[in-house]
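Structural overview
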Amino acid sequence: MPILQDLVQELQQRLEGQAPAPSSAAVADASSSERINVTLPRGVMDELKRHALEEGRSCGNLAAYLVEEALRRHRPLH
């Protein structure tokens, strides 16, 4: 038990020295991205879900990555 208490104490000391995490509103204000809605056929959505699950990421994150990569292949992004 003393080892666990020492680890918890060390973690608390490290966390106290850090700046507070930004609020979700501050993060949203700083973001330069936009949200869109896309309707996908069932088969495509099923494949997106399967692929996202395999990679341990969200469907939205994977979809954004795939769209960006597809656009990059067709022309340079600014």
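Everything below is about the structure printed above this text.
Thresholds applied
Residues numbered from 1 in each chain as written. Predicted model: local features only at pLDDT ≥ 70, side-chain atom pairs only at ≥ 80, totals over all residues. Heavy atoms only, no water. Axes fitted to C-alpha atoms, helices over the stretch in contact; angles between N-to-C directions. Helix = DSSP H or I, 4+ residues; strand = E, 2+ residues; numbered from the N terminus. Parallel < 35°, antiparallel > 145°, perpendicular 65-115°, else oblique. Contact = heavy atoms within 4.5 Å. Nonpolar A, V, L, I, M, F, W, Y, C, P; charged D, E, K, R; others polar. Salt bridge = Lys/Arg side-chain N within 4 Å of Asp/Glu carboxyl O. Buried < 20%, exposed > 50% of the residue type's maximum accessible area, 1.4 Å probe, protein only.

Our focus in this paragraph is the packing of helix α3 (residues 42–55) against helix α4 (residues 59–74). In contact at an axis separation of 9 Å, α3 and α4 are set at 105 degrees when each is read in the N-to-C sense. When the interaxial angle is binned, α3 and α4 end up roughly perpendicular. Between α3, through Met 45, Leu 48, Lys 49, His 51, Ala 52 and Glu 55, and α4, the contact on the second element is made entirely by Cys 59, Leu 62, Ala 63 and Leu 66. The residue inventory of the contact of α3 with α4, partitioned by class, reads 7 nonpolar, 1 polar and 2 charged.

One pass over the structure, following the stated rule, counts 5 salt bridges. Arg 72 is paired through a salt bridge with Glu 69; the nearest N and O atoms lie 2.9 Å apart. One end of the pair, Arg 72, and the other, Glu 69, are both in helix α4, 3 residues apart, so they sit about a helical turn from each other. Residue classification places Arg 72 among the partly exposed positions, given a relative accessible area of 40%. Overall, Glu 69 belongs to the partly exposed group, its relative accessible area being 23%.

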